Amino acid sequence: MSFMLLGILNSQAAGGGITSSYEHVTTTTLTSSTSQISVSLGNNPYADYKHLRILIMSRSTRNDQIDTVRIRFNSVTSGYSYHGGRVENTDWSTGDSVGTYSPYITLNKTWASQLNSNAFTQMSLEFPNFRSTDMKPQVLYSGGGMAAANNSSATQVKFGSGLNGNISASSVLSSVQFLMASGNFAVGTEVRIYGLKDA
């Protein structure tokens, strides 16, 4: 066994090494509907974290069964490129949502007002190295939901990634904005933020 490997093992045994779990930072639950949810990622309480995970449980006020959730970085309204794929029932599609120089990133479908009032859609978003000053802000996302209105059996799992080409690589990700395509985010929509510290 090399001295380098032995040193790594000793460090891990002593409680060092890579942090293995995300820590809960904050939770926000809407008490009134809104067209946009803005999350500030300034120095506090995020300064100690290298990576972020945001879980959003959403529902729309749109008078339909579904709506679409979108996202922006730092309130920038152009320059987004993204590609999402999906598994719908037993079918696979790699071109479910594709955007180049778009005004936002399309994330996923979400339940709307014609469905049961307790029906919310969950999405998970990862922001690697979100405070980096040598890479453009980007997101990895995944979630599940209903693929089409008036078809509650058309369920889907979706995942993808996106970034903004107009934001300088030297700029940190200072905020994210969640947008609803047609309606508003309904009361009870919840945003949970978790952080992963550097090793």
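Sequence order sets the numbering: in each chain, residues are counted from 1 along the sequence as written. Where local features are concerned, this predicted model is filtered to residues with pLDDT of at least 70; where side-chain atom pairs are given and counted, the filter is 80 or more; whole-chain, interface and lining totals use all residues. The side-chain figures draw on all heavy atoms in the structure; neither hydrogens nor water molecules are used.

Draft legend 1. Representation of empty space enclosed by the protein in the model. Buriedness for pockets is judged along seven lines, at least five of which must meet protein on both sides within 12 Å for an open set on the 1 Å grid over protein atoms alone, while cavities are sets there where a 1.4 Å probe fits but cannot get out, and lining residues have an atom within 4 Å of a point. Grid points are joined across faces, edges and corners, and a volume is the space filled by probe spheres set on the points. Within this structure, the stated rule accounts for one cavity of 30 Å³ or more. Counted as a void, the largest cavity has a volume near 60 Å³. Here the lining of the largest cavity is built from residues that sort into seven nonpolar, four polar and one charged. Each residue is assigned to one of three groups, with Ala, Val, Leu, Ile, Met, Phe, Trp, Tyr, Cys and Pro labelled nonpolar, Asp, Glu, Lys and Arg labelled charged, and all others, Gly among them, labelled polar.

Draft legend 2. Here's a closer look at the sheet that holds strand β11 (residues 175–180). Spatially, the four strands line up as an open sheet ordered β2-β11-β4-β7, and their pairing is antiparallel. Single-partner strands in this sheet number two, and they are β2 (36–40) and β7 (105–111). Strand after strand, the sheet turns through a mean of 20° between neighbouring axes, direction not considered. By definition, two strands form a pair when at least two bridges between them are found by DSSP. Helix and strand labels come from DSSP, where a helix needs a run of H or I of at least four residues and a strand needs a run of E of at least two; each type is numbered from the N terminus. Looking at chain direction, β2 and β11 are connected through five bridges and run antiparallel. Its bridge partner lying in β11, Gln36 is registered against Leu179. Fitted lines through C-alpha atoms give the axes, limited to the stretch in contact for helices. The angle between two N-to-C directions lies from 0 to 180 degrees.

Draft legend 3. The arrangement of a nonpolar patch on the surface in detail. Patch membership requires over 30% relative accessible area and the absence of a salt bridge. Like charges are linked within 9 Å, and nonpolar side chains (Val, Leu, Ile, Met, Phe, Trp, Tyr) within 5 Å. Only the protein chains shown count as cover for residues, and the accessible areas themselves come from Shrake-Rupley with a 1.4 Å probe. Definition used for salt bridges: Asp or Glu carboxyl oxygen within 4 Å of a side-chain nitrogen of Lys or Arg. On the surface, a cluster of nonpolar side chains totalling about 230 Å² of accessible area is made up of Val87, Val157 and Phe159. Take Val157: it is sitting in strand β10 (residues 155–164).

Draft legend 4. Expanded view of the pairing of strand β8 (residues 121–127). Note on classification: 1.4 Å probe, protein chains only; a residue is buried when its accessible area is under 20% of the maximum for its type, exposed when over 50%, partly exposed between these limits. Judged by how many residues are buried, β8 sits mostly within the fold: six of seven residues are covered. Relative to β8, strand β3 (residues 49–58) runs antiparallel, the two being bridged by seven bridges. Counterpart to Met57 in the pairing with β8 is Gln122.

Draft legend 5. Local environment of the confidence of the model for the protein. In predicted models, pLDDT denotes the confidence assigned by the predictor to each residue on a 0 to 100 scale. Looking at the protein as a whole, its pLDDT mean stands at 83, while 79% of the residues score no less than 70. The model gives residues 1–17 a pLDDT under 50, and that stretch makes six contacts with residues more than four places away or in other chains. Between two residues, a contact is recorded if the distance between any of their heavy atoms is within 4.5 Å.

Draft legend 6. Quick peek at unusual backbone geometry. Look at Asn74: it is not a glycine, yet its phi comes out positive at around 55°. Of note, Asn74 is situated in the loop between β4 (66–73) and β5 (80–88). Of note, the phi angle at Ser75 is positive, near 60°, even though the residue is not glycine. Residue position: Ser75 is located in the loop between β4 and β5.

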